[in-house]
Amino acid sequence: MERKLHLGIAAALTTIATLAISAQSLSAQEHSEEAYGYVHESPNYPSEVWTLAAGGRIYDKWWDALDRDEPEGTNPAYPVTGQKSGSTTWRCKECHGWDYMGKDGIYSGGSHYTGIPGIRGADGSSVEAILVTLRNDSHPYTQEMITDVEMARVALFVSRGQVDMTQFLDMENRKVNAGNADRGREIFQTICAACHGFDGRMLDWGDGDEHNFVGTEAVDVPDEVMHKVLSAHPGVQMINLRAFPYSDAIDVMAYAATLPTGE
Ligand code: HEC
Ligand code: HEC
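Residues numbered from 1 in each chain as written. Chains lettered and ligands numbered in written order. Predicted model: local features only at pLDDT ≥ 70, side-chain atom pairs only at ≥ 80, totals over all residues. Heavy atoms only, no water.

Chemist: Hey, could you run me through the pattern of salt bridges in this one?
Modeler: When the charged atoms of two side chains with opposite charge come close together, those side chains can pair. Evaluated as defined, the whole model comprises 15 salt bridges. Notably, a salt bridge pairs K228 with D60, separated by 2.7 Å at the nearest N-O pair. Of this pair, K228 sits in helix 8 (residues 222-231) while D60 sits in helix 2 (residues 48-66), and the two are 168 residues apart along the sequence. When sorted by exposure, K228 lands in the same class as D60, which is buried. A salt bridge links D182 to R185, with the nearest nitrogen and oxygen atoms 3.1 Å apart. Within this pair, D182 and its partner R185 are both found in helix 6 (residues 181-196), separated by 3 residues, close to a single helical turn. Judged by its relative accessible area of 49%, D182 is partly exposed. Connected through shared salt-bridge partners, D60, R91, E224 and K228 make up one network. (Salt bridge = Lys/Arg side-chain N within 4 Å of Asp/Glu carboxyl O. Helix = DSSP H or I, 4+ residues; strand = E, 2+ residues; numbered from the N terminus. Buried < 20%, exposed > 50% of the residue type's maximum accessible area, 1.4 Å probe, protein only.)

Chemist: What is the right way to look at the coordination of the iron atom of ligand 2 in this model?
Modeler: Six octahedral donors at a metal ideally form angles of 90 or 180 degrees, and four tetrahedral donors ideally form angles of 109.5 degrees. Coordination of the iron atom of ligand 2 by the protein is provided by H196 (NE2) and M238 (SD), with metal-donor distances spanning 2.0 to 2.3 Å. Because the angles between the 6 donor atoms bound to the iron atom of ligand 2 fall within 85 to 178°, the donor set is best described as octahedral. With a gap of 42 residues between them, H196 in helix 6 and M238 in the loop between helix 8 and helix 9 (246-256) connect regions that are remote in the sequence. (Donors = N, O, S within 2.8 Å, 3.2 Å for Na, K, Ca; no water. Tetrahedral: all angles 85-135°; square planar, octahedral: opposite > 155°, others 65-115°.)

Chemist: Any chance you could explain the coordination of the iron atom of ligand 1 here in plain terms?
Modeler: For the iron atom of ligand 1, the protein coordination sphere consists of H96 (NE2) and H139 (NE2), at 2.0 Å. Around the iron atom of ligand 1 sit 6 donor atoms; with metal-centred angles ranging over 89 to 180°, the donor geometry is octahedral. With H96 in helix 3 (residues 92-96) and H139 in the loop between helix 4 (127-133) and helix 5 (148-160), this pair connects stretches of sequence that are 43 residues apart. Neither H96 nor H139 differs from the other in exposure class; each is buried.

Chemist: Explain the packing of helix 2 against helix 5 to me, please; I cannot follow it from the model alone.
Modeler: Between two packed helices, what matters for the description is the angle formed by their axes and the separation of those axes. Between helix 2 and helix 5, the least distance of the axes is 7 Å, while the angle of their chain directions is 115°. Two packed elements cross with a definite hand, and for helix 2 against helix 5 that hand is left-handed. Contacts from E48, W50, T51, L52, A54, G55, G56, I58, Y59 and L66 of helix 2 reach helix 5 at E150, R153, V154, L156, F157 and R160. Along the lines of polarity and charge, the residues of the contact of helix 2 with helix 5 split into 9 nonpolar, 3 polar and 4 charged. (Axes fitted to C-alpha atoms, helices over the stretch in contact; angles between N-to-C directions. Left-handed = near helix turned anticlockwise from the far one by under 90°. Contact = heavy atoms within 4.5 Å. Nonpolar A, V, L, I, M, F, W, Y, C, P; charged D, E, K, R; others polar.)

Chemist: Honestly, a negative patch on the surface in this entry has me stumped. Any pointers?
Modeler: A cluster of acidic side chains, namely D204, D207, D209, E210 and E263, defines a negative patch on the protein surface. Relative to the helices and strands, D207 is located in the loop between helix 6 and helix 7 (214-220). On the basis of relative accessibility, which here comes to 68%, the residue D207 falls in the exposed class. (Patch = residues over 30% accessible without salt bridge, like charges linked within 9 Å, V, L, I, M, F, W, Y side chains within 5 Å. Areas by Shrake-Rupley, 256 points an atom, 1.4 Å probe, with all protein chains shown as cover. Lys, Arg positive; Asp, Glu negative; His and termini not counted. Charge placed at Lys NZ, Arg CZ, Asp CG, Glu CD.)

Chemist: It is not clear to me how the nonpolar core should be interpreted in this structure. Could you clarify?
Modeler: Soluble globular proteins tend to pack their nonpolar side chains together in the buried interior. Counting residues in hydrophobic clusters, the biggest one holds 49 residues, and the most contacted among them are W62, I146 and M226. Counting only elements with at least two residues in this core, the list comes to helix 1 (2-31), helix 2, helix 4, helix 5, helix 6, helix 7, helix 8 and helix 9. For this core, the element with the highest residue contribution is helix 2, accounting for 7 residues. Each of two domains, domain 1 (2-162) and domain 2 (166-256), supplies a minimum of three residues to this core. Once you skip the residues sitting within four places of it in the chain, W62 turns out to touch R57, D67, R68, D69, P71, W90, Y141, M145 and I146. (Core = buried A, V, L, I, M, F, W, Y, C linked by side-chain atoms within 4.5 Å. Domains from an automatic or database assignment.)

Chemist: For this particular structure, what's the right way to read the site of ligand 1?
Modeler: What surrounds ligand 1 is a group of 21 residues, the closest being C92, C95, H96, S138 and H139. At a separation of 2.8 Å, an oxygen atom of ligand 1 approaches a polar side-chain atom of N136. At 2.7 Å from an oxygen atom of ligand 1 is found a side-chain nitrogen or oxygen belonging to S138. No other element matches helix 3, which puts 3 residues into the shell around ligand 1. In terms of residue class, the shell around ligand 1 is built from 11 nonpolar, 9 polar and 1 charged. (Near = heavy atom within 4 Å. Polar contact = N/O pair within 3.5 Å; in protein donor to acceptor, adjacent residues only side chain to side chain.)

Put into structure tokens, the structure is as follows:
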């Protein structure tokens, strides 16, 4: 069983690598100016860890991750009872949540509620089986939106890249309740601070007076921040901690939740 599983992953990665190389030669010229392709392209021989993070960015917002047009209109598979409309209804996270728990997690109520289950049940499933689901009527993605190679990345993420967010989150009040903040400070000061500053306020993606710093997000939406720490924010040059033990990411969360949230 063990052996069969490993062969399956190796075969999936080889397919991803082969298809990615041919896809890359098409787009290499177009994007060569952009940090040597780091943001939107794939390495010639993608490691499993790279693939999991790349799949995670597709799960987050595939058009930014893959440099595609933002979809127009609401996803026909989005429930009519849901409160969202437009492009966001095409994001995996909008139906399944940042905690991958859908209606059983943080999206069990509020404006993101859809009643759709999470993807935790597919944790450990075969990439092939997940790919079949990702082309069914609940997932009306065309090849122009997400190609088979790219879909295989997100399928690998579903199979082997999910974390159990209940390990470090109090699901009732959506707050970080675990992790070693001292260890998190070491990682934040030496890695995240290069772009976000020592107190996380060098980049601000808020609007006008509404600031949005790392600290703001870690306090308000820690499940989202955890996803981005492990996969990076799609479409920008950000690193991710996927190559390290998940406990490092949890420690970063514990520290990030202590950072300033406003001016
Ligand atoms: C518009 C809402 C919606 C979006 C967006 C969406 N899904 Fe789903 N997904 C569903 C529904 C509904 C189901 C359950 C029915 C089914 O399996 O088709 C489901 C089922 C799944 C399952 C099977 C879960 C299990 O326990 O077996 C996986 C895996 C999955 N989706 C992954 C994804 C991924 C990856 C994306 C983005 C590429 C995505 N979904 C986008 C609605 C959505
Ligand atoms: C190489 C630069 C770089 C590094 C290193 C980096 N980031 Fe980022 N990060 C970015 C950029 C660029 C953005 C996009 C900001 C924007 O949208 O204006 C971003 C966005 C984010 C976001 C918010 C995304 C959103 O809009 O919701 C969070 C949270 C975040 N980073 C956390 C971290 C953490 C934690 C670390 C360390 C583990 C880290 N980043 C390391 C560049 C970096």
